[in-house]
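Observations on the three-dimensional arrangement
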Amino acid sequence: MNASPGFPPHAVGDRVDAFAQSPRPVFDHLSYRSDVDGLRAIAVLSVVAFHAAPGRMPGGFAGVDMFFVISGFLIASIIQKGLVSGHFSFLEFYSRRIKRIFPALLLTLAACLAVGYFLLSDEELIALSKHVLAGAGFASNFVLWRESGYFDPSAEMKPLLHLWSLGIEEQFYLVWPFALWMAWKRKFDLLTLTVAVGLFSFALNLYQVGLYPVASFYLPFSRFWELLVGGGLAALNLRAPPRASSRHYARTSISFLGLAMIAVGFVILDKSRSFPGAWAILPTLGTAFVIWAGAQAWPNRVLLSNKVLVWFGLISFPLYLWHWPALSFLRILEGTEVAQWKRAVAVVGAIILSWLTYEFVEKAIRHRPGRRVPMALLALMVIVGLAGAYGYAGNGATDRIGGPQVVNQGAVGHTPFFAYIREHSFPCTPAAIREQAVSWEGFVRCFQSKQGDGKDIVLLGDSHAEHLFPGLASALPENNVVFYGMGGLPVLDNPEYSLVFKTLLDDDRMKTVIVAASWAAKLPPDSKQASVEALHRTLLVLAEDGKQVYVVEDVPGFSFIPNRCRYTGRLGVSNLCVEPDRKANAGYVPSLVEITRDNPRIVLVKLYDLFCSDGVCRMAEGGILHYRDDNHLSVPGSKMAARVIVSQMVPAQ
């Protein structure tokens, strides 16, 4: 899931059903519940903790599910109140939504564009403009769904990533009011409708999460069930409102159960689990239980209604909007992992901005009467969207004054790298191996430098072998170089490579084998001995079969991304392409030296030192950028590395 979630509590401040303490329908009056603001505070603070202190609250992203339930409950309550009273108006409903959501969102989008105009590179500004356009049109979830994948740029580099969930909620607001209105007009039971649609959405979620996890995460119809859990509460309350005679201890027990489910979700959920899936039941039903327990349940009255939580609940929407851009821009400007104290400062700044936004923007606009305010806000949102479209077309980057300047030439990111391979290679053979290979945006990552079945040089390994292919193909123009890659260690014991090794050992034309990988990851200390022995056995089998084998040292990894090295003019510091040499800490090097020591058919190729000297490692040199991310070579870097590899090769026997 590559992908870092964000979650919008944007119904803050709406009047919410108190589960009236009398037999009459609750929609006679919607009273404010401070405990719901406390619940919002828990949700938004869990999201902030998840983003600002990675690993400290692994399941903090479940705050989105809490907000979905709260929003679904509030919106369904408001709509049903209007339907029951006979005064429901689509115009009034959407006017209130605009006045509630647009002010803080407009401020956030405009601020991000302004910061990006002065501080981001051309490519970053274009990407940000695209997300501003999507955010203004409440379509961020669709855009991010299309962008997601293994090689998707780091989620931390997208300042508006968090608007995906706001898009889902707004899409729900476009659909559900009409569904309830139609059902009410036809005298169809609202609870039955809510349960039926919710179950369908939940079933779709369960089906998609295994087969299409990214779609299940981002697309609305597999997420609507979470809002409908809250909508179901509102519909159930319409049919059978709680009574004052409900036992207090029962309400308190229900609330404690809900809070426990939420807490368990925060602890046991993490990015490795298929989500939302069935795991989302924990935060959604937990939130529903807390709301259902009512304002007089002890946890709601004492814990959730305390002044600190209520205050954070009131600013939860602007806090959600501000905290992620603050952290994301900080990550972009640092170009490396951000120190925890800097993240803390960014969060404090976001809290201050959130309070200012709430006090002087939201409160000033939300309760203004008349139609002019929503119309003006709608017009401003169109203008911001057009500004995003203008920047997305590239004009914002070309027309601006100043901005970061390129000091090291070279393409950043994986798209140019794979575009080069597409243009300069052919699909690998045999087809059976190609069918097992992984892909990137539809491009199968199994390729060779010439057409035909006759291949004489085989490149084996993961993406750290793959990034050597363009250079080797260029440096060995008379040979047919083929890349066979999988994700795991390239050894005979690995089932991923069984067909690859069978093909390799059966084909006498394949005289030369080059093995490369992210050795630090593939030879971890906890299983190093077993992994090293498996690799050694594999190399011996290849050598005994008459292959000339080369084991290539890995290239150094960096703690920062190439944009920090490529551009100048936004940080005001020098030597952004350099960091200390850490080869002494590369525990895999002695192992590779040992297993390649005594067999002339197994040669260790020294590559690491190409990028490091005098105690430092360099990502660029001579005005040329050699990396496309923090640990993968670009095409120029691949060609430079290949020249060193070829210089250490001996003629195949």
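Residues numbered from 1 in each chain as written. Predicted model: local features only at pLDDT ≥ 70, side-chain atom pairs only at ≥ 80, totals over all residues. Heavy atoms only, no water.

**Re the packing of helix α1 (residues 34–52) against helix α13 (residues 307–314)**
Where α1 contacts α13, the two axes come as close as 7 Å, and the packing angle between them is 70 degrees. The orientation of α1 relative to α13 falls into the category roughly perpendicular. Along the contact surface, α1 presents Ser-34, Asp-37, Gly-38, Arg-40, Ala-41, Ile-42, Val-44 and Leu-45, while α13 presents Leu-309, Val-310, Phe-312, Gly-313 and Leu-314. Here the contact of α1 with α13 is composed, by residue class, of eight nonpolar, three polar and two charged. (Axes fitted to C-alpha atoms, helices over the stretch in contact; angles between N-to-C directions. Helix = DSSP H or I, 4+ residues; strand = E, 2+ residues; numbered from the N terminus. Parallel < 35°, antiparallel > 145°, perpendicular 65-115°, else oblique. Contact = heavy atoms within 4.5 Å. Nonpolar A, V, L, I, M, F, W, Y, C, P; charged D, E, K, R; others polar.)

**Quick notes on the packing of aromatic side chains**
Applying the stated criterion to the full structure yields 29 aromatic pairs. Measuring from centroid to centroid gives 5.7 Å for Trp-164 and Tyr-218, while their planes differ by 90 degrees, and the two rings are edge-to-face. Within this pair, whereas Trp-164 is found in helix α6 (residues 163–185), its partner Tyr-218 is found in helix α8 (residues 213–218), the two being separated by 54 residues in sequence. Like Trp-164, the residue Tyr-218 is buried in the burial classification. (Phe/Tyr/Trp six-rings, centres within 6.5 Å; stacked < 30°, edge-to-face > 60°. Buried < 20%, exposed > 50% of the residue type's maximum accessible area, 1.4 Å probe, protein only.)

**Considering the confidence of the model for the protein chain**
Per-residue pLDDT for the protein chain has a mean of 88; in total, 91% of the residues score no lower than 70. Low pLDDT (under 50) marks residues 1–29, which in the prediction has 117 contacts with non-local residues, meaning those over four places away or in another chain. (pLDDT = per-residue confidence, 0-100.)

**Observations concerning the pairing of strand β9 (residues 548–552)**
Looking down a regular strand, the side chains alternate between one sheet face and the other. With respect to burial, β9 is a largely interior element, five of its five residues being buried. Where burial is concerned, the two faces of β9 agree: the one with Gln-548, Tyr-550 and Val-552 and the one with Val-549 and Val-551 are both buried. Two elements, strand β8 (residues 512–516) and β9, share four bridges in a ladder whose sense is parallel. Across the sheet, residue Ile-514 finds its bridge partner in β9, namely Tyr-550. Note: β9 against strand β12 (residues 602–605), four bridges, orientation parallel. Paired with Tyr-550 across the strands is Val-603, a residue of β12. (Pairing = 2+ DSSP bridges.)

**Digging into the layout of surface pockets**
Approximately 380 Å³ is the volume found for the second largest pocket. In terms of lining, the second largest pocket is formed by 16 residues, of which the most central are Val-195, Trp-225, Leu-228, Val-229 and Leu-285. Within the residue set of the lining of the second largest pocket, elements represented by two or more residues are α7 (190–211), α9 (224–239) and α11 (281–293). For the lining of the second largest pocket, the per-class residue count stands at 12 nonpolar, four polar and no charged. (1 Å grid on protein atoms, 1.4 Å probe; cavity = no way out; pocket = protein on both sides within 12 Å on 5 of 7 lines; lining within 4 Å. Points joined across faces, edges and corners; volume = space filled by probe spheres on them.)

**Description of the sheet that holds strand β13 (residues 612–613)**
Remark on secondary structure: sheet strands pair via backbone hydrogen bonds, oriented parallel or antiparallel. Reading across the sheet, the three strands line up as β11-β14-β13 and stay open at both edges, with antiparallel pairing between neighbours. On the outer flanks of this sheet lie β11 (578–580) and β13, each paired with one strand and no other. Sheet topology note: the β11/strand β14 (residues 616–618) ladder contains three bridges and is antiparallel. The residue bridging Pro-580 from the neighbouring strand is Val-616, located in β14.

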